[in-house]
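Residue-level structure breakdown
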Amino acid sequence: MRTVVTGGAGFVGSHLVEYLLDQGDDVIVIDDMSTGSPQNLLALRNNPHLRVVTGSILDKGVVNSVVQGSDRVFHLAAAVGVRLIVEEPLTSLRTNIHGTENILDACRDHGARLLLVSTSEIYGKNTADRLHENSDRILGSPLLSRWTYAAAKGIDEAFAHAYWTEFGLEVAIVRLFNTVGPRQTGRYGMVVPNLVGQALRDEPMTVFGDGTQTRCFSYVGDVVPAMVKIAETPEAYGQAYNLGGAEEVSILDLAARIVKVTGSSSEVTLISYEDAYAPGFEDMRRRVPDNTKANNLVGFVPATPLDEIIRRVAASIAADAEATAEADALRLTLVTAPPIPAVSLRRA
Ligand code: UDP
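Residues numbered from 1 in each chain as written. Predicted model: local features only at pLDDT ≥ 70, side-chain atom pairs only at ≥ 80, totals over all residues. Heavy atoms only, no water.

Counting its regular elements, the chain contains 12 helices and 13 strands. Here the chain has a C-alpha radius of gyration of 22 Å; the compact-globule value for 348 residues is 20 Å, and the two agree. Principal-axis analysis of the C-alpha atoms gives the chain an extent of 80 × 50 × 40 Å. Relative to its full complement of 348 residues, the chain shows a buried share of 51%. Within the chain, contacts between residues at least 6 apart in sequence are counted, and of these 80% link residues at least 24 apart. If you sum the accessible surface of the chain, you get close to 16100 Å²; carbon and sulfur atoms cover 53% of it. (Helix = DSSP H or I, 4+ residues; strand = E, 2+ residues; numbered from the N terminus. Rg over C-alpha atoms; globule rule 2.2 N^0.38 Å. Buried < 20%, exposed > 50% of the residue type's maximum accessible area, 1.4 Å probe, protein only. Contact = heavy atoms within 4.5 Å. Areas by Shrake-Rupley, 256 points an atom, 1.4 Å probe, with all protein chains shown as cover.)

Okay, structure coming up:
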């Protein structure tokens, strides 16, 4: 089976690539390396079944060349991360709408099946007890870039659904809810790697707003196999499935759990949304998934408990910090080592 993973050098993408290679697929990654990084695929660099194409999904030529001859596509490439979305709304709109349209066209033209990876952001400010796939979307002004992102991802889903109904494209949709795990970077605003990194360095932990907003964090290792199973189930075509975590936690409680698990001496600093993001920024007060549909279809259960997720993220950040420190020390040794005396270079 030949599988394309767009955004395969990103956090979730790189875990998916590993999983697909383990299953025996030949995998082609297309990634523009904007938020993804070759570093995420380093452990796989000698795998003969993996090809990495550095390119944009906005480039129709590149998209066609990788989709042609492939059996299926997992479409994860997107402008992601609340900070990035707020700072670069145009990138978010173009990549998420035009890029997805290019993928849909290529899949239709070359007969490839598609899994479109969407997001719980599309539910917006709906604070329902459990968000199910048909829950209403409550979005703020389209002039606030967070809602632009939610709107763009909603349009992606509508496009995908229309390609299913009008062209018979075999496409399923998954909505990820705060997926976390090793290799996720805090650079674009994600809370778990940010707070865990701060805790490991014993720095103040930056909690935005009053910290009472809640989320349900899911482990990437639970989500990826479910994504693949959904993609392989014909009943899923034309449908959307939530994939989220089981435990609802406030961000303040999350910070406390991180302190406990890592044994940190960090304390929490509350930062206003305006200072953290931009004036007028609106957050979701609450986001709780109903995973029943994915559970019924493929037996999805978000099994990894939050403390264990924190432990694994902490281990991965600590290992990265150690590798960076070792590389820095090596550079320092090379720079400061005294030149070899000429005499030792002569033959006796
Ligand atoms: N957040 C925080 N500190 C950070 C980063 C994020 O308190 O350093 C908050 C953020 O305002 C939101 C929650 O944590 O309420 C989850 O943020 P994230 O960006 O991870 O995901 P999303 O907002 O998309 O759920």
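Here we come to the nonpolar core. Counting residues in hydrophobic clusters, the biggest one holds 54 residues, and the most contacted among them are Met227, Ile230, Leu243 and Leu254. If you tally residues by element for this core, the top one is helix α7 (residues 220–231), at eight residues. Excluding residues within four positions of it along the chain, methionine 227 makes contact with Val12, Leu16, Phe74, Leu76, Leu115, Val117, Val174, Leu176 and Leu243. One finds Ile30, Ile57, Val62 and Val67 within the second-largest nonpolar core, a separate group that totals 24 residues. (Core = buried A, V, L, I, M, F, W, Y, C linked by side-chain atoms within 4.5 Å.)

On average, residues of the chain carry a pLDDT of 93, and 95% of them reach 70 or more. Within the model, the stretch residues 343–348 combines pLDDT values under 50 with one contact to residues more than four positions away or in other chains. (pLDDT = per-residue confidence, 0-100.)

Below, the discussion takes up empty space enclosed by the protein. Under the criterion given, the structure shown has one cavity of 30 Å³ or more. Among the elements of the structure, β4 (72–75) and β5 (113–119) are those that each provide at least two residues to the lining of the largest cavity. When the residues that make up the lining of the largest cavity are grouped by side-chain class, the tally is six nonpolar, no polar and two charged. (1 Å grid on protein atoms, 1.4 Å probe; cavity = no way out; pocket = protein on both sides within 12 Å on 5 of 7 lines; lining within 4 Å. Points joined across faces, edges and corners; volume = space filled by probe spheres on them. Nonpolar A, V, L, I, M, F, W, Y, C, P; charged D, E, K, R; others polar.)

This part takes up helix α4 (residues 89–110). For an α-helix, 3.6 residues make a turn, and residues three or four places apart therefore share a direction. Relative to the 32 Å expected for 22 residues at 1.5 Å per residue, α4 spans 31 Å between its end C-alpha atoms, a close match to the ideal helical length. Against β1 (2–6), α2 (60–67), β4, α3 (82–87), β5 and α5 (145–167) lie the buried residues of α4. Once α4 finishes, glycine 111 follows within two positions and takes phi at roughly 65°, a positive value. (Expected span 1.5 Å × (residues − 1).)

The terminal C-alpha atoms of helix α8 (residues 251–262), which comprises 12 residues, lie 16 Å apart, in line with the 16 Å expected from a rise of 1.5 Å per residue. Positioned one or two residues after α8, glycine 263 has a phi angle of 65°, which is positive.

Close approach of charged atoms lets side chains of opposite charge pair. Evaluation of the coordinates by the stated rule reveals 19 salt bridges. When the shortest N-O distance is used, the salt bridge between lysine 125 and glutamate 282 registers 2.6 Å. With a gap of 157 residues between them, lysine 125 in the loop between β5 and α5 and glutamate 282 in the loop between α9 (273–276) and α10 (292–298) connect regions that are remote in the sequence. Since its relative accessible area comes to 31%, lysine 125 is described here as partly exposed. Where arginine 215 meets aspartate 283, a salt bridge forms, and the shortest distance between an N and an O atom there is 2.9 Å. Of this pair, arginine 215 sits in strand β9 (residues 214–216) while aspartate 283 sits in the loop between α9 and α10; the two residues are 68 residues apart in sequence, bridging distant segments of the chain. When its relative accessible area of 7% is taken as the criterion, arginine 215 is described as buried. Look at the salt bridges and you will find they share partners, linking Glu121, Arg146, Arg215, Asp283 and Arg287 into a network. (Salt bridge = Lys/Arg side-chain N within 4 Å of Asp/Glu carboxyl O.)

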